[in-house]
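# Structural features, examined
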Amino acid sequence: MNDAEHTTDASTQPLEDRVNNRSQRPSSDAFKAFMASSWAPASQELPAEEAVAAHAARRRRAISEQFKGERLVIPAGPHKVRSNDTDYRFRPHSAFAHLTGLGVDHEPDAVLILEPTDDGQGDDGGHHHATLYFRPMAGRDTEQFYADARSGEFWIGPRPSLADLKARLDLATAHLDELEVAITKNVGASEIGGISIRLLRKVDENIDALVDTARYNTAQDPENLDLSQLDALDEKLAEALSELRLIKDEWEVEQLKLAVAATVEGFHEVVKALPRAVAHHRGERVVEGAFFAKAREEGNDLGYDTIAASGNNATILHWINNNGQVKEGDLLLLDAGVEAESLYTADITRTLPVNGTFSEVQRRVYEAVLDAADAAFAAARPGLKFRELHQIATRVLAERLAEWGLLPVTVEEAVSESGQQHRRWMPHGTSHHLGMDVHDCAQAKRELYLDAELAEGMVFTIEPGLYFKSEDLAIPEEYRGIGVRIEDDILVTADGAVNLSAALPRTADDVEAWMASLRA
Ligand code: GLY
Ligand code: MN
Ligand code: MN
């Protein structure tokens, strides 16, 4: 299917028009008139305001406080082409979703603008007035209705009107046609009454170009415009938007719990699918597919590509080919997360014995990783430095590696900065913030991330692992080909930490009992 217009001029036809060559859409006036007629009237009923609206307003208010007097431009991003004229499923940029409350599917090409106002005259007593610019659903009397494959209702179903999103989000809305003026008007130096822009860059290249042009055209000395200085202004906005997500509000925590619950169900489905995986020549794909089915049934999608890694593949940290066999006697490392409709995702890993029972050496490695995770979890509370989670977990691993005779140095030498030999078998970090992005808050300053103290409302992973590659000659043969990671999603509360993913069995005994119960 495609929606392109028919054309006949073959020899001089530009390449970009040739997509039209397979269109047989009628263009007669009779057809157009008939298509525009006799549709039942659209419902006039407005949707209810969503629970997220008040939270999104508070987030916008917090950003407003940091950028008084400046126009803030936060795009959702465009569709991304997957292949020729087919797109990936649309997902808005997380900062846009966070500030609007919009989740799945909303809204390609949309832009949120926070327009500066006189002090205290903005939304909620702030310094800006927010407007969401987007392409509302076109009427059934327009050609867009049946001819636009990306946004026409005949192609992709109903979309919201300006009034719909205003009602849902309690946020002013305007047509995308008004965006260019809204971004470019009055741009210029403040000395002459102009407004400076801060843009969340690299989300929508059309908006980047629009802002660059506006800045260039209004610069007092365009030829010597210092682009790096302007980039730095923009980067400060990206940083602030990322840092705004370090502490989750109660609505976000609920969304993360939903994502975790669906992910737990997905892991159950995988255990049930293991016999089929073992019988299949690409059993890891069976595992991936079983989890994916749950992700689509219960949520929006996967939060990231599933790692379904069996045997030695479990020692490849981001193994997403998932085209290997799943063999009896091996371990299966499954790192997977369901993304909710709100776009919040879980990020959970369990390592399972394919035949339901850990071998002695598999259990030994598993329990070392579990002890590392438990030690980090036991220490997690407000006031602990984020970086200490990693130090606590990896020290436990270093101690076990020393016990087993694998460390070439003492534990103290290994954990010192000049050593780190234990990291040969766990070269990744132990924790990252989790939210709408699986690696959330990635643009936050180091002092607010790694060097920060844990605080109530933070959500992050604890995910130690040990990875003994089959080619690793520094270890005895019995360890080779074993990869174990255990990853849980942790919420910091006033008096400690809560393991949001504790519903999924963690101890070796509990994992075996769980597998036996699902496979009975
Ligand atoms: N699944 C990616 C990670 O655990 O960070
Ligand atoms: Mn993770
Ligand atoms: Mn993970």
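Everything numeric in this text was worked out from a predicted model, so none of it was measured.

To continue, consider the packing of helix H12 (residues 360–379) against helix H13 (residues 386–403). Where H12 meets H13, the closest approach of the two axes is 8 Å, and the angle between their N-to-C directions is 150°. Relative to H13, the element H12 lies roughly antiparallel. For H12 against H13, the interelement crossing comes out right-handed. Of H13, the residues touching H12 (which contributes Glu367, Ala368, Val369, Asp371, Ala372, Ala375, Ala376 and Ala379) are Leu389, Ile392, Ala393, Val396, Leu397 and Arg400. Across the contact of H12 with H13, the residue classes break down as eleven nonpolar, no polar and three charged.

With a probe scaled to a water molecule rolled over the atoms, the places where space remains empty come into view. Tallied over the full model, the rule gives one cavity of 30 Å³ or more. By volume, the largest cavity amounts to about 70 Å³. Going through the elements one at a time, helix H2 (52–66) and strand S5 (128–134) are the ones with two or more residues in the lining of the largest cavity.

This paragraph deals with the coordination of the manganese ion (ligand 3). The protein atoms donating to the manganese ion (ligand 3) are Asp335 (OD), Asp335 (OD), Asp347 (OD) and Glu487 (OE), with metal-donor distances spanning 2.0 to 2.3 Å. In this structure, the manganese ion (ligand 3) is surrounded by six donor atoms whose angles at the metal cover 58 to 172°, and the resulting shape is irregular. Sequence spacing of the donor residues for the manganese ion (ligand 3), all on one chain, is D-x11-D-x139-E. Between the manganese ion (ligand 3) and the manganese ion (ligand 2) the interatomic distance amounts to 3.3 Å, and Asp347 serves as a bridging ligand to the pair. With Asp347 in the loop between strand S11 (338–339) and strand S12 (348–353) and Glu487 in the loop between strand S15 (482–485) and strand S16 (488–493), this pair connects stretches of sequence that are 140 residues apart. Pair check on accessibility: Asp347 and Glu487 agree, each one buried.

Another aspect to go through is the pairing of S12. For S12, a buried count of six out of six residues is recorded, marking the element as mostly surrounded by other parts of the structure. Both faces of S12 are covered, namely the face carrying Ile348, Arg350 and Leu352 and the face carrying Thr349, Thr351 and Pro353. Summarising the sheet, strand S10 (residues 331–336) and S12 pair through six bridges and their orientation is antiparallel. Within the sheet, the bridge partner assigned to Asp335 lies in S12 and is Thr349.

Glancing now at the site of ligand 1. Around ligand 1, the neighbouring residues are Tyr304, Asp335, Asp347, His432, His439, Glu463 and Glu487. Take Asp347: an N or O atom from its side chain is 3.1 Å from an oxygen atom of ligand 1. Note that an oxygen atom of ligand 1 is positioned 3.1 Å from one of the side-chain N or O atoms of Glu487. The fraction of the free accessible surface of ligand 1 (200 Å²) that becomes covered by protein chains is 90%. Split by residue class, the shell around ligand 1 holds one nonpolar, two polar and four charged.

Let us now look at the UniProt feature "domain: Aminopeptidase P N-terminal" (unreviewed entry) in the chain. Under the present numbering, the feature "domain: Aminopeptidase P N-terminal" (unreviewed entry) in UniProt falls on residues 50–194. Secondary structure content for residues 50–194 is 31% helix and 19% strand, and the end C-alpha separation is 36 Å.

Turning next to the coordination of the manganese ion (ligand 2). Distances from the manganese ion (ligand 2) to its protein donors, namely Asp347 (OD), His432 (NE2), Glu463 (OE) and Glu487 (OE), fall within the range 2.0 to 2.2 Å. Given six donor atoms and angles of 52 to 156° at the metal, the environment of the manganese ion (ligand 2) is assigned as irregular. Linear spacing of the donor residues for the manganese ion (ligand 2) on their chain is D-x84-H-x30-E-x23-E.

Scoring rules and cut-offs
- Residues numbered from 1 in each chain as written.
- Chains lettered and ligands numbered in written order.
- Predicted model: local features only at pLDDT ≥ 70, side-chain atom pairs only at ≥ 80, totals over all residues.
- Heavy atoms only, no water.
- Axes fitted to C-alpha atoms, helices over the stretch in contact; angles between N-to-C directions.
- Helix = DSSP H or I, 4+ residues; strand = E, 2+ residues; numbered from the N terminus.
- Parallel < 35°, antiparallel > 145°, perpendicular 65-115°, else oblique.
- Left-handed = near helix turned anticlockwise from the far one by under 90°.
- Contact = heavy atoms within 4.5 Å.
- Nonpolar A, V, L, I, M, F, W, Y, C, P; charged D, E, K, R; others polar.
- 1 Å grid on protein atoms, 1.4 Å probe; cavity = no way out; pocket = protein on both sides within 12 Å on 5 of 7 lines; lining within 4 Å.
- Points joined across faces, edges and corners; volume = space filled by probe spheres on them.
- Donors = N, O, S within 2.8 Å, 3.2 Å for Na, K, Ca; no water.
- Tetrahedral: all angles 85-135°; square planar, octahedral: opposite > 155°, others 65-115°.
- Buried < 20%, exposed > 50% of the residue type's maximum accessible area, 1.4 Å probe, protein only.
- Pairing = 2+ DSSP bridges.
- Near = heavy atom within 4 Å.
- Polar contact = N/O pair within 3.5 Å; in protein donor to acceptor, adjacent residues only side chain to side chain.
- Areas by Shrake-Rupley, 256 points an atom, 1.4 Å probe, with all protein chains shown as cover.
- UniProt positions renumbered as here; feature names shortened; annotations may be inferred.

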